[in-house]
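Secondary and tertiary structure notes
Below, each chain spelled out in residue letters.
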Amino acid sequence: LIRVTLRRWNLDAESMGLYFRVNIPAKKWMGSCLCGPVFYTGTQCKMRGLRRGINEQFELGMAGWHQMSFALAQANRVLEAPTSTPAMEAVAWQHIQQTFLRLWRGHARIDEIKARLGVVATAAANRRLVGQAKREATIVAKEEAKKQRIWRALHKLLSPDARKAQHRSEPGKT
C-alpha cells in the first residue's frame with residue numbers, strides 16, 4: 001500500500017523523508033511487541049553514516065515488515081489450532097525469532113538483540129507451559145466434578161430410601 005501510494009503521487013521514500021520501524025504484536029508469544037530496527041532513507045542514511053543505498057533501507061524495512069507479518073500470521077494459526085502441540089508451537093516461535101533476527105542482520109546491536117530475545121523467549125515459553133498446565137488442570141477438575149455429580153445422582157437413585165419412594169409413587173405396581 002505504501003509503495004503503491006508513493007508511485008501514484010510520483011513520490012519516493014527519500015523525497016518524503018520516510019523512515020519506519022517494524023513493530024510486530026507478539027503478545028501471545030512473548031508478552032510484548034517485537035520492535036525491529038529503524039529503517040531510514042537516502043539523506044537520513046547519509047546523515048547517520050549508514051552504508052545502505054538511497055531507497056535500499058526503506059525497501060529492506062518493507063520486506064522485513066512483510067516477512068514478519070507473514071511469520072506471525074502462520075504462528076498464530078498454529079497457536080489457535082485445536083490440535084496444536086507444544087512442539088508445533090515451539091517450531092512456530094522459532095520461525096518468528098529467525099525472521100525477526102534477519103531484520104537485525106548487519107546491525108551493531110545484533111548480539112544484544114539475540115541475547116535479549118533468548119531470555120524473553122524462555123520466559124514466554126515458561127508462561128505458555130504454565131498456562132497450558134492450568135488449562136489441563138481445569139479440564140481435569142471439571143471432569144472430576146462431573147464424575148462426582150454422576151456418582152451422587154446414582155447413589156441417590158440406588159439408595160434404599162429412593163427405591164422405597166419410587167415404589168410408593170407407582171401405585172399400580174406391587
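Everything here concerns the structure above.
Residues numbered from 1 in each chain as written. Predicted model: local features only at pLDDT ≥ 70, side-chain atom pairs only at ≥ 80, totals over all residues. Heavy atoms only, no water.

Of regular secondary structure, the protein possesses eight helices and two strands. Listed N to C, the secondary structure of the protein is α-α-β-α-β-α-α-α-α-α in terms of helices and strands. For the protein, the proportion of contacts with a sequence separation of at least 24, taken over those separated by at least 6, is 54%. Of the roughly 12,400 Å² of accessible surface on the protein, a fraction of 60% belongs to carbon and sulfur atoms. (Helix = DSSP H or I, 4+ residues; strand = E, 2+ residues; numbered from the N terminus. Contact = heavy atoms within 4.5 Å. Areas by Shrake-Rupley, 256 points an atom, 1.4 Å probe, with all protein chains shown as cover.)

Here the focus is the nonpolar core. The biggest cluster of nonpolar side chains holds 25 residues, and the ones touching the most others in it are Trp 29, Leu 34, Met 68, Ile 96 and Phe 100. Sorting the residues of this core by element identifies β1 (20–26), α3 (27–30), β2 (32–39), α5 (56–80), α6 (86–104) and α7 (110–158) as the ones contributing at least two each. Among the elements that line this core, the one with the most residues is α6, at six residues. Sequence-distant contacts of Trp 29, defined by excluding residues within four places in its chain, comprise Leu 72, Ala 75, Asn 76, Leu 79, Glu 89, Ala 92, Trp 93, Ile 96, Ala 124 and Arg 128. (Core = buried A, V, L, I, M, F, W, Y, C linked by side-chain atoms within 4.5 Å. Buried < 20%, exposed > 50% of the residue type's maximum accessible area, 1.4 Å probe, protein only.)

The next point concerns α7. Side chains that are three or four residues apart share a direction in an α-helix, a result of its 3.6 residues per turn. Between its first and last C-alpha atoms α7 spans 71 Å; for 49 residues at 1.5 Å apiece the expected length is 72 Å, and the two agree. Buried within α7 we find Ile 110, Ile 113, Leu 117, Ala 121, Ala 124, Arg 128 and Gly 131. (Expected span 1.5 Å × (residues − 1).)

All right, on to the pairing of β1 then. Here β1 shows a clear split, with Phe 20, Val 22, Ile 24 and Ala 26 buried on one side and none of Arg 21, Asn 23 and Pro 25 buried on the other. Note: β1 against β2, six bridges, orientation antiparallel. What sits directly across from Asn 23, in β2, is Cys 35. (Pairing = 2+ DSSP bridges.)

So, on to the layout of surface pockets. Roughly 350 Å³ of volume is contained in the second largest pocket. Leu 79, Glu 89, Arg 128, Gln 132 and Arg 135 are, among the 18 residues lining the second largest pocket, the residues nearest its centre. Residue assignment for the lining of the second largest pocket shows that the elements contributing at least two residues are α3, α6 and α7. Broken down by element, the lining of the second largest pocket gets its largest block of residues, six residues, from α7. Of the residues that constitute the lining of the second largest pocket, the class distribution is seven nonpolar, five polar and six charged. (1 Å grid on protein atoms, 1.4 Å probe; cavity = no way out; pocket = protein on both sides within 12 Å on 5 of 7 lines; lining within 4 Å. Points joined across faces, edges and corners; volume = space filled by probe spheres on them. Nonpolar A, V, L, I, M, F, W, Y, C, P; charged D, E, K, R; others polar.)

Let us now look at the packing of α6 against α7. A packed helix pair is summarised by two numbers, namely the angle formed by the two axes and the spacing between the axes. Direction vectors running N to C along α6 and α7 enclose 160 degrees, while the axes themselves pass 11 Å from each other. It follows from the interaxial angle that α6 and α7 lie roughly antiparallel. Judged by the twist between their axes, the crossing of α6 over α7 is right-handed. Where α6 approaches α7, its residues Pro 86, Glu 89, Trp 93, Gln 97, Phe 100, Leu 101 and Trp 104 are matched on the opposing element by Ile 110, Ile 113, Lys 114, Leu 117, Ala 121, Arg 128 and Gln 132. (Axes fitted to C-alpha atoms, helices over the stretch in contact; angles between N-to-C directions. Parallel < 35°, antiparallel > 145°, perpendicular 65-115°, else oblique. Left-handed = near helix turned anticlockwise from the far one by under 90°.)

Moving on: the environment of Gln 67. By the element assignment, Gln 67 lies in helix α5. Residue Gln 67 is classed as partly exposed on the basis of its relative accessible area, which comes to 39%. In this structure the C-alpha to C-alpha distance between Gln 67 and Ile 96, which are 29 residues apart in sequence, comes to 9.3 Å. The contact partners of Gln 67, leaving out residues within four places of it in the chain, are Thr 99 and Arg 102.

Interpretation note: all reported values are geometric properties and have no functional meaning in isolation.
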